[in-house]
Amino acid sequence: MKNYLISLIGNAAIKLSYLSSVEPIFSIPKIQGHGDLSTNIALLLSKPLNKSPRDIAKEIVDTLEYDSSILDKIEIAGPGFINFFFNPNYSSGIISKIIEEEENFGRSNKYSGKRGNVEFVSANPTGPLTVGHGRNAVIGDTVANMLEAVGYEVDREYYFNNAGRQMRVLGDSVKKRYLELIGEQISFPEEYYQGEYIKEIALKLQVEFGDNLANESEEGIFKQKAEEEIFSDIKKSLESIGIVFKKYFNEYSLYEQNNIQKTLEDFSKKNLSYEKDGAIWLKLSELGNQEDKVIVKSTGEPTYRLPDIAYHINKLERNYDLIVDLFGSDHNATYPDVLAGCAGLGYNVLTIKVLIHQFVTITEKGEIVKMSTRKANYITLDELVAEVGIDVVRYFFIMRNMSSHLNFDLELAKKHSDENPVFYLQYANARICSILRMTAEQDLILSTEHVDKLNSETEQSLIKKLSQFPEEVLYSAENFEPHKISNYLEETAGLFHRFYNECRIIGSERDLAEARIALITAVRIVIANGLKMLGLSAPERM
RNA sequence: GCGCCAGUAGCUCAAUGGACAGAGCAACAGCCUUCUAAGCUGUAGGUUAGUGGUUCGAGUCCACUCUGGCGUACCA
């Protein structure tokens, strides 16, 4: 539809040459009376032409030659907006299209042939996934879903590191618990991992090996077993909310394949690094950042920056059209270094899109639950899923803008009540399914022959809303904003519920009843497609 | 100190530089002998943290101030 209007303006530009000086932008007005699509082109032209915007608008409208079977009317309103009103019959045509395309309605091929990589979660295997990781996981998976919906072929990737200090501490934490189990006196340092899961891993080792491991190194079987058990739990947690990764990328492989060494040499060759105080520094100040940072410690061990840069180079060399990184806000200081490092080595980092999401604050009984993996003072993702269910967890995590803090009220989420927006959407779907079961018994069938009879204000609003779904999906995908989809679905469900209360099917005359069946079938398709994109179920009965 | 993010109705949050800033919850008043009341309709609730600026037009962009979160490691 937008394309049709753009071509109209294009044709008018033959007579009004000034029209080609601006890109016409069409937007959907918030208010019904302002039409279906609106453009501000006359307002934009007012200054350069030194004429009143309403006069320009009038000149444009007088020049437009349109097909009255598509457009009902064109109005000039307010300071000089041009509002386009669709012919209701044209609008209703969308119903047939939705029913025909069914599960493909909303999807598009704008980016087909493009390959994308979405890296998310990327938690090191030092403990179970917490609620904080949960937000990352759900946003990442949903962003990937949306990119797929507009044609991308997407690889979901999880980057992790099983070496380094934290993992040593983890291994030693398990060892100490193990020694405790076999009866030795131990002291358990405060900075060690305090969680119960450490004791469980130690217990498994004791069951398997008795007390034969007393003299083993904490970096050997203790660390290994811990990583194995924890990773297996992480994967289970993710699977339980419908998330499956294509690739788990181990940082260690970058060492094995000499990528770390090579990156280091490349920096040196380009004179982007130097030695000072026994460490190797990266000249980030020359690459546009604030200050130089250490990439290899004086101990010879790289800091996280070097492998992170090497990892991104690895991703860049895999020739993706789009690389998405999703981090919590605690990482917001690290990505500029990584991007600057890659750019310094001559890579085009414009394909990398870094998304930062803000933290989740859990409140319970009005109190904020502070979380730390190490102190074991946290709520795990598994616990949350067990409490409120997959759908509520997924929905709560994406329903807010990721750049805003998320307040997760445990008490509220636990309530399986009308306070919960997830049920509002699912209820709409269940209601439609129920009506369809009922109408089938009455021998009423779906027909798009008389959709022109769907002319009440409520029906028209609903139809217009449905027609906007593909654009909403595209917009959400291109701007990485999953919460737009949930907002759209809530609005759509709201319009449907209003329709349900105003317009009856059983009892209406046959043509109208069958047209309404077509309409609610279209609504069901849109809601089901939307729920699927968000990874939620669409129950047929509630 | 510096950097990133936020501040919108009592609470949780929407709003693609556009037209009268919208929902849900909570409050109040209505709607079930007819397709699911987990629903609908209505009322009330606002100096969009503040001060300037840019613009025909600012919740949105810019500057400064205030408040909160997260960073600012030879931790990841």
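All figures in this text were calculated on a predicted structure; none of them were measured in a lab.

## Topic: the protein's contact with RNA strand B
Part 1: The environment of RNA strand B is made up of 60 residues, and the closest members are K297, S403, Y427, R431 and S434.
Part 2: Taking all atoms of RNA strand B within 4 Å of the protein, the share assigned to sugar and phosphate is 61%.
Part 3: In this structure, a base nitrogen belonging to RNA strand B sits 3.0 Å away from a side-chain N or O atom of N83.
Part 4: Within the side chain of R504, an N or O atom sits 3.3 Å from a sugar or linking oxygen of RNA strand B.
Part 5: Broken down by secondary-structure element, the contributors of at least two residues to the surface near RNA strand B are α2 (41-49), β4 (81-86), α16 (421-441) and α19 (482-502).
Part 6: Looking at the surface near RNA strand B element by element, the count peaks at 8 residues for α16.

## A closer look at the pattern of salt bridges
Part 1: Throughout the structure, instances matching the rule amount to 35 salt bridges.
Part 2: For K58, the salt bridge is made with D62, and the minimal N-O distance between the two is 3.1 Å. Of this pair, K58 and D62 both sit in helix α3 (residues 53-63), 4 residues apart, roughly one helical turn.
Part 3: The class of K58 is partly exposed, set by a relative accessible area of 49%.
Part 4: Here D62 falls in the exposed class, since its relative accessible area comes to 57%.
Part 5: Between D266 and K262 there is a salt bridge; the shortest N-O distance is 3.0 Å. In this pair, D266 and K262 both sit in helix α10 (residues 259-269), 4 residues apart, roughly one turn of the helix.

## Quick look at the packing of aromatic side chains
Part 1: Under the counting rule described, the total for this entry stands at 22 aromatic pairs.
Part 2: Judged by centre distance (5.7 Å) and plane angle (80°), the ring pair of F188 and Y192 falls under edge-to-face. Both residues of the pair, F188 and Y192, count as buried.
Part 3: Seen in terms of ring centroids, F496 and Y500 are 6.4 Å apart; in terms of plane orientation they differ by 50°. Their pairing is tilted. Here F496 pairs with Y500, and both are found in helix α19, just 4 residues apart, close to one helical turn.
Part 4: The class of Y500 is partly exposed, set by a relative accessible area of 32%.
Part 5: Every member of this aromatic cluster is reached through a ring pair, and the members are F120, Y158, F160, F231, F245 and Y248.
Part 6: In this structure, R177 packs its charged tip against the face of F188, placed 3.6 Å from the ring centre.

## A few points about the confidence of the model for chain A
Part 1: Confidence in the prediction for chain A averages 92 pLDDT; 96% of positions are at 70 or higher.
Part 2: Mean pLDDT values over the elements of chain A span from 67, in strand β14 (residues 367-369), up to 98, in strand β5 (residues 115-119).

## Here's the deal with the sheet that holds strand β12 (residues 352-357)
Part 1: The parallel open sheet is built from 5 strands, whose spatial order is β7-β6-β5-β11-β12. The sheet terminates laterally at β7 (247-250) and β12, the two strands that pair on one side only. In this sheet, neighbouring strand axes are inclined to one another by 25° on average, regardless of whether the strands run parallel or antiparallel.
Part 2: With 5 bridges connecting them, β5 and strand β6 (residues 153-160) associate as parallel partners. For R115, the partnering residue across the bridge sits in β6 and is E153.
Part 3: On the sheet, helix α8 (residues 218-240) packs against β6 and β7 and is oriented at approximately 150° with respect to β6.

Definitions and limits used
- Residues numbered from 1 in each chain as written.
- Chains lettered and ligands numbered in written order.
- Predicted model: local features only at pLDDT ≥ 70, side-chain atom pairs only at ≥ 80, totals over all residues.
- Heavy atoms only, no water.
- Near = heavy atom within 4 Å.
- Polar contact = N/O pair within 3.5 Å; in protein donor to acceptor, adjacent residues only side chain to side chain.
- Helix = DSSP H or I, 4+ residues; strand = E, 2+ residues; numbered from the N terminus.
- Salt bridge = Lys/Arg side-chain N within 4 Å of Asp/Glu carboxyl O.
- Buried < 20%, exposed > 50% of the residue type's maximum accessible area, 1.4 Å probe, protein only.
- Phe/Tyr/Trp six-rings, centres within 6.5 Å; stacked < 30°, edge-to-face > 60°.
- Lys NZ or Arg CZ within 6 Å of the ring centre and 35° of its normal.
- pLDDT = per-residue confidence, 0-100.
- Pairing = 2+ DSSP bridges.
- Axes fitted to C-alpha atoms, helices over the stretch in contact; angles between N-to-C directions.
- Contact = heavy atoms within 4.5 Å.

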